[in-house]
Amino acid sequence: MTVPVTMLSLATATPPHTLTQETALETARDLLAGSFRDFERMTSVFANAGIAERQLARPVEWYLSPRDFTERTAVYLEVALDLFVTAATDALTKAGLDAADVDTIVTVSSTGIATPSLEARAMARMGFRADVSRVPVFGLGCAGGVSGLGLAARLARATPGSTVLFVTVELCSLALRTDGVGKADVIATALFGDGAAACVVRSGDEGFVQLTGSAEKTWPDTLDIMGWAMETSGLGVVLNRAIPAFARRNMGEAMEQMLTPQNLQIGDVDRFICHPGGAKVVDAMEVALGLNQGSLDHEREVLRCHGNMSAPTALFVLDRVRAEGLPPLSVLTALGPGFTASTVTLRCAA
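Residues numbered from 1 in each chain as written. Predicted model: local features only at pLDDT ≥ 70, side-chain atom pairs only at ≥ 80, totals over all residues. Heavy atoms only, no water.

(A) Looking closely at the nonpolar core. Within the largest apolar cluster, 59 residues are counted, with the highest numbers of intra-cluster contacts made by F84, M126 and F128. At the level of secondary structure, the elements contributing two or more residues to this core comprise β1 (5-13), α1 (21-32), α2 (44-48), α3 (69-94), α4 (118-126), β6 (163-171), α6 (183-191) and β7 (194-203). No other element matches α3, which puts 12 residues into this core. Apart from the residues lying within four places of it in its own chain, the contact partners of M126 are F84, V85, A88, T89, L92 and A99. L10, L315, V317 and L346 belong to the second largest nonpolar core, which has 33 residues in total. (Core = buried A, V, L, I, M, F, W, Y, C linked by side-chain atoms within 4.5 Å. Buried < 20%, exposed > 50% of the residue type's maximum accessible area, 1.4 Å probe, protein only. Helix = DSSP H or I, 4+ residues; strand = E, 2+ residues; numbered from the N terminus. Contact = heavy atoms within 4.5 Å.)

(B) View of the sheet that holds strand β11 (residues 271-274). If you walk across this open sheet you meet the 9 strands as β5-β4-β6-β7-β1-β8-β13-β12-β11, and the pairing is mixed. The open sheet is flanked by β5 (133-137) and β11, the only strands paired with a single partner. Taken over all neighbouring pairs, the strand axes of this sheet differ in orientation by 25° on average, direction set aside. As paired elements, strand β12 (residues 329-336) and strand β13 (residues 340-348) share 8 bridges and run antiparallel to each other. Among the inter-strand pairings, L329 is bridged to a residue of β13, identified as R347. (Pairing = 2+ DSSP bridges. Axes fitted to C-alpha atoms, helices over the stretch in contact; angles between N-to-C directions.)

(C) Layout of α3. The end-to-end C-alpha distance of α3 is 36 Å, a good match for the 38 Å that 26 residues give at a rise of 1.5 Å each. At the N-terminal end of α3, a side-chain oxygen is found 3.1 Å from the backbone nitrogen of T70, two or three residues along, and the residue is D68. G96, located one to two residues past α3, shows a positive phi value of around 75°. (Expected span 1.5 Å × (residues − 1). Polar contact = N/O pair within 3.5 Å; in protein donor to acceptor, adjacent residues only side chain to side chain.)

(D) Spatial organisation of the pattern of salt bridges. Applying the stated criterion to the full structure yields 14 salt bridges. Close ionic contact of D82 with R125 constitutes a salt bridge, the shortest N to O distance being 3.0 Å. Taken together, the positions of D82 in helix α3 and R125 in helix α4 put the pair 43 residues apart, joining distant regions of the chain. Relative accessible area serves as the criterion here: at 33%, D82 is assigned to the partly exposed category. Here R125 falls in the partly exposed class, since its relative accessible area comes to 47%. (Salt bridge = Lys/Arg side-chain N within 4 Å of Asp/Glu carboxyl O.)

(E) View of the state of the cysteines. A full pass over the atoms with the stated rule returns 0 disulfides. This cysteine, C142, is not joined by any disulfide, and C172 carries the nearest cysteine sulfur, 6.7 Å off. C142 gets classed as buried once you look at its relative accessible area, which sits at 6%. With no disulfide of its own, C348 lies closest to C199 among cysteine sulfurs, the gap being 16 Å. (Disulfide = S-S within 2.5 Å.)

(F) Region of the structure containing the domain arrangement of the chain. What the domain assignment reports for the chain is domain 1 (5-203) and domain 2 (209-347). Placing the centre of domain 1 and that of domain 2 at their C-alpha centroids yields a distance of 17 Å. Taken residue by residue, the interface counts 58 residues in domain 1 and 48 residues in domain 2. Both faces combined, the contact of domain 1 with domain 2 buries some 4100 Å², and carbon together with sulfur accounts for 64% of it. It is L10, C142 and V146 in domain 1 that bury the most area against domain 2; as a group they hold 17% of the surface buried on that side. Remark: the boundary between domain 1 and domain 2 carries 17 residue pairs in polar contact (both at pLDDT 80 or more). Of all elements in the fold, only β1, β3 (53-56), α3, α5 (144-158), β6, α6 and β7 reach the threshold of two or more residues within the side of domain 1 that touches domain 2. Broken down by element, the residue count for the side of domain 1 that touches domain 2 peaks at 9 residues, all from α5. Broken down by class, the residue content of the side of domain 1 that touches domain 2 amounts to 29 nonpolar, 18 polar and 11 charged. (Domains from an automatic or database assignment. Buried area = accessible area lost by both parts, 1.4 Å probe. Nonpolar A, V, L, I, M, F, W, Y, C, P; charged D, E, K, R; others polar.)

So this is what it looks like as structure tokens:
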């Protein structure tokens, strides 16, 4: 008999600096309008984003001055490490564990470069064992929270009895650029925030939800839809406005393809827990998956309170759904660079 893999705990964290959407628009106008003549024509994206506020790595005043890659990296190393420690410590405490109990750490982050990686930098502060296995992952973008959780589950399944800590941290605000501004930069300024999430995964039946399957689908010839452009000042956002339309056209068939090997269909799923990439993306996911309009309510609420934090965002939604009460069968899903759809199938252990 196959021993199930379960999630023992889930924790989220955000930095302390809050940005309202009204201030975001004013700040973007000051920073971007002078170098992007179509800025005023695009300001409706701020009102239509479905966001009330977001949390940032630095106070908004920090972003008013040009910052080179060295400065951005220094902030990433400081703030991402703090968020890693906060989220990971909370997750371990909720699981009744110490850092020394962790056998493997999976770290997902794509908004900064850290070598040694974040979990190595956290070892002294948290007390991880010297022989802990470290699995840092870069480049998954918005899909990282789901793909990383799927990877953590597979590692736990491969070594029964081992404890896997999964942490994802993203500081999207550090990608703000004020030169060479394009439409993607305006959209990103209206959408993205910073945050972290962590969970503890182990083979066994003591957790609150079983992770029974995971899957990914990458579409060919879609490299230009989402990602990073490597620039002198750092990481510049690549974000295609066609993402909602792409999701509406393709996610239904893709979801069926990912569920079929698990002997499941879309109609078997009680709740899709989706990464809210933006208000239009949430609308598109409801259409693609045949859901009632407005059914992705927790997705919209996370977006309203935190914006799109990239990889951690789907786990923020899972945390809210869990607080309300997980249904028997749910699927956690996100879209990210590649262009890739990722899923983890969840069966309630209660």
